[in-house]
Amino acid sequence: MKISASLPTGVAGLFFDGARRRRRLEERLVRRLEEDGFSEVILPVIDYLDPYEEMLSAGSREELYRLIDRDGAVLVLRADFTPMLARLIAPRLGSLPKPLKLFYRGDVLRYREERAGRPRELYQLGAEILGAGGGAGERLALRQLLAVLDACGGGAIVVLGFAGALDQLILACAGRASPLEVMQALVRRERSVARRCHRALLEVVERGVPADPSALGEGAAAELARLEALRDELAVAFPRLELKIDLAEFADQARQETLYRQLGGRAYYDGLVFRAFGRASARPLGGGGRYDRLFEKLEAETTAAGFCIDLDALVELAGERGEEGS
Amino acid sequence: MIRLALPKGRNLGPALAAFRAAGLALDGVERDRRLKVRIGDDLEALLLKDWDLPLYVEHGIADLGVVGSDVLEEVDGDLLVPVRLTDGRSRMSLIGRQRRLPESGEQVRLATKYPRTARRILDSRSWGAEVLTLSGSIELAPILDLAELALDIVQTGRTLRDNRLEELEVVRQVAPCLVVNRAAYQKHRRRLNAFIDRLEQAGVVS
């Protein structure tokens, strides 16, 4: 009998050089994280759906692979590491030393519409920092991500922002457009919606930041000034990476309560947020940020920040930069 | 270098006209038999089918392109949509041979090449429909009784009149959209914004 070698859509096997390249890079990055004091956690690939119901956006819900266990429980294949890690660590967080630095690696599975080049299985490597004082955790998470990208030869663009940066401007649009419509339009850079709402929003859509930061409100303007200082400091430390501040990129990460409710309480981040792209390939590499609110939902009080990268996208970046073997 | 994806089909004319108005003359591209056409030192144009274009832009193979909002809603990619072209607009409508929409509780068949959009529209209806996905000649389905309704693009309405079909309800306004890859926007932000500014100044986008 002839057996087919075809696989389901969106998954692939790695053989020979492809497998070697991924493992070699993974080992380098894991060694680096361990040297920096991170401990590995190994998480299951199957979990209950129920504990995550409140944390799921409409988009992430559609991506879940669900199955019914023989006892009738609804299970899901792992689509994200952070919520599972948070749920498992939250009950014993009080007894663990801080800051707690953890890392993980493995596959996540997400249903995606059947189109060429859309993987449904992604191999991720990520790290979380829990209980670091003030903003230390989010800065460390960003630094770790930049170090990983730098170790792959640079060649990446890292976009920085912070949750809630545009909340005041979005709320000021009430009557002209719904907050949800404005948030989604800003993320898509729709000029017409931004123009209809506020001149500063149009500037954010075009340039990433408003010409006059005070338009963001006092608190957000001060936070933007701190972010600019952090960007300048990191640009010196990582000259091979391009760091940009772009508040429109994270316009749907609301912090203000009314807007947060509009998003169904599912905005993930509540502090610094960042996202990395390959410069040559224009491929998303990963991202991260601060997410204390996730732990609040789990009735645990702590600061929490982390990052996650797509290892295969990183292998590609390292290959482009001739850094695979180093 | 910036790579621009142009749509074959009904959106090509409006796209070329808009770009010409903004000072980017691409005339003749549609007659060129090469699949990639180099224009000057730092621009390359690709001619792609509407349904493939978002994929090329999402993957960063093309930095930007023009595609109809009908296709964009259907494929659901992570693309930036800074502006919409004012020319080439049309509507997406429910079409049938009878002069009425189904009544509450009624079950019909609906032919379309936009199954996801159709399901979104049906979610808010009191009547139900089995969605039949076709790849072309959608209007033929109600004419030949393959389906009671069709969901399709209407430009002038002439095909409907010629075939004694009724436009029962306009469900979406459709426009050719300028789409940009998220990473490419960060990489070429200044140049892309300058180009979008020129399109706006020429009054060919909104």
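Residues numbered from 1 in each chain as written. Chains lettered and ligands numbered in written order. Predicted model: local features only at pLDDT ≥ 70, side-chain atom pairs only at ≥ 80, totals over all residues. Heavy atoms only, no water.

Caption draft 1: Spatial organisation of the overall build of chain B. A count of helices and strands for chain B gives eight helices and 11 strands. By its C-alpha atoms, chain B is 60 × 30 × 30 Å across when sized along the principal axes. Residue burial in chain B is summarised as follows: out of 206 residues, 54% are buried. Nonlocal contacts in chain B, meaning residues at least 24 apart in sequence, comprise 69% of its contacts between residues at least 6 apart. On chain B, roughly 9700 Å² of surface is accessible, and the fraction owed to carbon and sulfur atoms is 44%. Measuring between centres, the 32 positive side-chain charges of chain B sit 4 Å from its 30 negative side-chain charges. (Helix = DSSP H or I, 4+ residues; strand = E, 2+ residues; numbered from the N terminus. Buried < 20%, exposed > 50% of the residue type's maximum accessible area, 1.4 Å probe, protein only. Contact = heavy atoms within 4.5 Å. Areas by Shrake-Rupley, 256 points an atom, 1.4 Å probe, with all protein chains shown as cover. Lys, Arg positive; Asp, Glu negative; His and termini not counted. Charge placed at Lys NZ, Arg CZ, Asp CG, Glu CD.)

Caption draft 2: A look at the interface of chain B and chain A. The interface of chain B with chain A comprises 27 residues on the first partner and 29 residues on the second. Carbon and sulfur atoms make up 41% of the surface buried where chain B meets chain A, a total of about 2300 Å² over both sides. Considering only the surface of chain B that becomes buried against chain A, Arg182(B), Gln186(B) and Lys187(B) emerge as the three largest contributors, covering 28% of it. There are seven salt bridges connecting chain B and chain A. Of the charged contacts in the structure, one is a salt bridge between Asp197(B) and Arg191(A), with a shortest N-O distance of 2.8 Å. For the pair chain B and chain A, the number of links is 18 residue pairs in polar contact (both at pLDDT 80 or more). (Buried area = accessible area lost by both parts, 1.4 Å probe. Salt bridge = Lys/Arg side-chain N within 4 Å of Asp/Glu carboxyl O. Polar contact = N/O pair within 3.5 Å; in protein donor to acceptor, adjacent residues only side chain to side chain.)

Caption draft 3: Quick peek at the sheet that holds strand β11 (residues 176-180) of chain B. Residue and element names in this part refer to chain B. In space, the six strands of this open sheet follow the order β2-β3-β1-β4-β11-β5, with mixed pairing throughout. Two strands lie at the open edges of the sheet, namely β2 (36-39) and β5 (80-84), each paired on one side alone. Strand-to-strand twist across the sheet, computed as the mean angle between neighbouring axes with direction ignored, equals 30°. As paired strands, β2 and strand β3 (residues 43-48) are joined by four bridges and run antiparallel to one another. Looking at the pairing, Ile39 lines up with Leu43 of β3. Set on the sheet, helix α1 (residues 12-21) makes contact with β1 (2-7), β3, β4 (64-68) and β11; between it and β1 the angle comes to about 140°. (Pairing = 2+ DSSP bridges. Axes fitted to C-alpha atoms, helices over the stretch in contact; angles between N-to-C directions.)

Caption draft 4: Spotlight on the sheet that holds strand β11 (residues 304-310) of chain A. All names here are of chain A. Pairing is mixed in the open sheet, where eight strands are placed in the order β1-β5-β6-β11-β10-β9-β7-β8. Since the sheet does not close on itself, it has two edges, and those belong to β1 (39-40) and β8 (242-245), each with one partner. The sheet strands contacting helix α3 (residues 82-89) are β5 (100-109) and β6 (121-130), and the helix crosses β5 at an angle near 135°.

Caption draft 5: Region of the structure containing the packing of helix α4 (residues 136-151) of chain A against helix α9 (residues 218-237) of chain A. All names here are of chain A. In the contact formed by α4 and α9, the axes pass within 12 Å of each other and the chain directions differ by 30°. Classified by the interaxial angle, the pair formed by α4 and α9 is roughly parallel. In the crossing of α4 with α9, the sense of the turn from one axis to the other is right-handed. In contact with Arg139, Leu142, Arg143 and Leu146 of α4, α9 contributes Leu230, Glu233, Leu234 and Ala237. Here the residues of the contact of α4 with α9 sort into five nonpolar, no polar and three charged. (Parallel < 35°, antiparallel > 145°, perpendicular 65-115°, else oblique. Left-handed = near helix turned anticlockwise from the far one by under 90°. Nonpolar A, V, L, I, M, F, W, Y, C, P; charged D, E, K, R; others polar.)

Caption draft 6: Spatial organisation of helix α1 (residues 16-35) of chain A. Residue and element names in this part refer to chain A. Compared with the 28 Å implied by 1.5 Å per residue over 20 residues, the 28 Å span of α1 between its first and last C-alpha is a close match. Among the residues of α1, Arg22, Leu25, Glu26, Arg28, Leu29, Val30 and Leu33 are the ones counted as buried. Along its buried surface, α1 packs onto β5, β6, α4, β11 and α12 (311-320). Backbone geometry just downstream of α1 places Gly37 in the positive-phi region, at approximately 90°. (Expected span 1.5 Å × (residues − 1).)

Caption draft 7: How the structure looks around a nonpolar patch on the surface. Taken together, Val45(A), Ile46(A) and Leu67(A) make up a surface patch of nonpolar side chains, about 210 Å² in accessible area. One can find Ile46(A) in strand β2 (residues 46-48). (Patch = residues over 30% accessible without salt bridge, like charges linked within 9 Å, V, L, I, M, F, W, Y side chains within 5 Å.)

Caption draft 8: The arrangement of the nonpolar core in detail. Residues and elements named next belong to chain A. Grouped together as the largest cluster of nonpolar side chains are 71 residues, with contacts concentrated most on Leu149, Leu166, Leu247 and Leu314. With seven residues, the single largest contributor to this core is α4. Among residues more than four places away in sequence, those in contact with Leu314 are Leu25, Leu29, Val148, Leu149, Cys152, Leu285 and Ile309. (Core = buried A, V, L, I, M, F, W, Y, C linked by side-chain atoms within 4.5 Å.)

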